[in-house]
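Letter by letter, the chains look like this.
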Amino acid sequence: MSTIFFCFLVALFSVALSMDFEERPSSRRSEQTMFLKSHKSRNLLSLRDLHQSDHVKMKRSEESAQNQCESLHGYESTLENNTRTYNFNDLSGSVSLAWVGDGTGVLLVLTTFQVPLFIMRFGQSRLYRSEDYGKTFQDITDLINNTFIQTEFGIAIGPENSGKVILTGDLTEGRVTKIFRSVDFGNSFVTSELPFHPLMQITYNPQDSNILMVFSINYDLWLSEDFGANWRKIHETVCLVKWGVDNTIFLTTNPNGSCSDRGMLELRKSSDYGRTFKTIGSKIYSFGIGGHFVFASVMTDSGSTRMIHVSVDQGETWNMAQLPTVGHEQFFSILAANSDMVFMHVDEPGDGSVQTVISFNQGGEWRPLQKPWNGVCDTTTEHPDKCSLHIHASYSISMKLNVPMQPLTEPNAVGLILAHGSVGGAVSVLSPDVYVSDDGGYTWFQALKGPHHYAILDSGGLLVAVEHNPSHPISQIKFSTDEGQCWHVFNFTDDPIHFTGLASEPGARSMNVSLWGYRETVLNQYWVSVTIDFRQLLSRDCRESDYVQWLAHSSDISDPTDGCMLGYKERFLRLRKDSVCWNGRDYTVTKDPTTCPCTLADFQCDFGFYHVENSSVCVEQPDLVGHSLEFCLHGRKEQLLTSGYRKIPGDHCKGGMTPERKEIDLSKKCVSNLLRPELLTESPSVNSAPIIAVVLTVLLISAIAGVLFIKKYVCGGRFLVHRYSVLQQHVEANGIDGVDDLDTLEVGKTHYHDDSDEDLLE
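Residues numbered from 1 in each chain as written. Predicted model: local features only at pLDDT ≥ 70, side-chain atom pairs only at ≥ 80, totals over all residues. Heavy atoms only, no water.

Draft legend 1. Just the sheet that holds strand β45 (residues 590–595), in detail. Taken in spatial order, the three strands make up an open sheet running β43-β44-β45, and their pairing is antiparallel. A strand with exactly one partner marks an edge of an open sheet, and here the two such strands are β43 (547–551) and β45. Sheet twist, expressed as the mean angle between neighbouring strand axes with direction ignored, is 20 degrees. Pairing geometry for strand β44 (residues 568–575) and β45, over six bridges, is antiparallel. (Pairing = 2+ DSSP bridges. Helix = DSSP H or I, 4+ residues; strand = E, 2+ residues; numbered from the N terminus. Axes fitted to C-alpha atoms, helices over the stretch in contact; angles between N-to-C directions.)

Okay, structure coming up:
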């Protein structure tokens, strides 16, 4: 079983990802949630940005943690007067939700019912629209001529606040496929006919919502530059396609017409919306994009292993990444990427324990999560007084554990994290509890007993939660105004519903939350939406006195040397826990950054060096003492002269100590074989064959030794590669993309194997 660490990389992750170039066509800006009447929630809420501002060292709840919860009087009648229930009295088996725009209050709901009837298929769908965050709905099915809309394709929402919506009609064979397009947040639609049958949901160019792209069922790639009014085919036999920066399109194709021949694909790109294409790679297994990096998983000459190649100029030139190769049963994954650095997961066999570790300095140091101050070590603990918190995420969900939601954070709720977890020596298979950190992961406390659905409202000023109990209908919702320390219960109905999911507007600024479920009668089942508006509960606006200054990464705000992380410290104004007030939609995080002088904490161990245990001192690997270290950089062979330290990427410290590090150009070209493999080979003359044979033998032995050496001491050392994995089942189309597409590694594979993570995304 692979060694998997469920890590919150607090400085980087916008989504804890391991998507292996998996394409999930959905909008970044507007999330969709689907609930099924099979009593299984399909909540697609994703792990939000954990910005550098989300991490602190001090226990912010310390001064109020021991205070008893004070009763919030009179809230029952206030919430009763602001609770609205809507019954969807139609024939439907599933429902899809989509928020349109930011702060508009517009919610589109698509209900569908579909059954096979002999050799035909009978289906019905209805479209509803709300302008008040789901309190009331209007049936607008007539705007789409009562056309059956594809449930699988959902509702494609345009990026940002464009107001664009696309619905894809039925794909009945032999008939024309229709799409319905709106530019006014679903208030009206126009109809267009497609000259092809789409295979997937239509995707938007994230930089221009008028540019659309989609696969056909024949794997041809089609593009529209006028929001779907007209389409043109730009490429045939496309296996995978992604939007890059500056409107660039990247795709893989195979000249022989088959996408199943992994490792023999070509990587191509276009900068003019498909009018011309340029081949930028061959022998491609898969590819991905993260930050300004383009990654390619490339088959080696042996045909049984793959290596990662990286480009920082949109595929014009490539470098081979200094990472171990992987075989057929293994994969690469991009966990996070920005303009400074990339976090990669390389799958390889390891011990079988699943634990959680955390880094606050972009991987320079890792540590277990602290034991919650009110947590009790479970039976997985070897020593009763020594245990830590372990987070349940996609791995637990894939293993069918009782975990209804992934961890949740919001960028405008500084330092706040909600997650299911267990306290012990490793992740437990028992039912988890809900834990909260108000300081970006330094300290935690148990907030709710048992699994729950949860949401963050009013920029963290309000938390809501619903108990997860699929076997029983529910009638209660819990809420907290002090970041999860004290919870209040509200009975929102006298007629319990079979709860399927919690929905709130993305961005955590709204004060409205909807509980979705269904009720059963003797003859029928129907969907129910219960929307609660908490605005009147927080009856007054927050004042300046409701906020307190807070220094991230610090346990003593008065200490001038405390709080430095990645070369700077940041002060914030955060809401006091005992302030019951409304942050408001216009609330913005107030921060004051200050640069710090450089110390050893701003450096990580260089190539060939490692940290002494429990020390920030870097020492040379014993086998490297007296040897020079050569490596390839920017297509040249370099020799590294170092004192053992290199600055952590993204560190902003200035002055102070600066360990010496320089690279000497050895004036020997070393190139990636991604685009032009012939550059690495030369045709020897006949007369020199014996000499070349000897030289090749020596080089072969040296290469094997070098590969083993680099893999063990450079690529496998504790100082360079951090092996951990946070796997996510639902990937946003325009997010950071992983490297190896796991969904097609082995057709028909449906079980998880202890020696590989490749099934986790199924």
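Draft legend 2. Region of the structure containing the pattern of salt bridges. Under the counting rule described, the total for this entry stands at 21 salt bridges. Where R129 meets E131, a salt bridge forms, and the shortest distance between an N and an O atom there is 2.5 Å. By relative accessible area, which is 52% here, E131 ends up exposed. Of the charged contacts, one joins K577 and D438 as a salt bridge, the two residues approaching to 3.0 Å between their closest N and O atoms. Of this pair, K577 sits in the loop between β44 and β45 while D438 sits in the loop between β34 (433–437) and β35 (445–448), and the two are 139 residues apart along the sequence. By the burial criterion, K577 is buried, and D438 matches it. (Salt bridge = Lys/Arg side-chain N within 4 Å of Asp/Glu carboxyl O. Buried < 20%, exposed > 50% of the residue type's maximum accessible area, 1.4 Å probe, protein only.)

Draft legend 3. Representation of the environment of D208 in the model. For D208, the position within the fold is in strand β15 (residues 208–215). Along the backbone, D208 and P159 are 49 residues apart, and their C-alpha atoms lie at a distance of 8.3 Å.

Draft legend 4. Spotlight on the pairing of strand β33 (residues 417–424). Of all eight residues in β33, eight are buried; the element is thus mostly enclosed. Across the two faces of β33 the burial is the same, with I417, A419, G421 and V423 and L418, H420, S422 and G424 all buried. Bridge count between strand β31 (residues 388–392) and β33: five bridges; the pairing is antiparallel. Its bridge partner lying in β33, S388 is registered against G424. Across two bridges, strand β32 (residues 408–409) lies against β33 in antiparallel orientation. From the neighbouring strand, L408 faces β33, where its bridge partner is L418.

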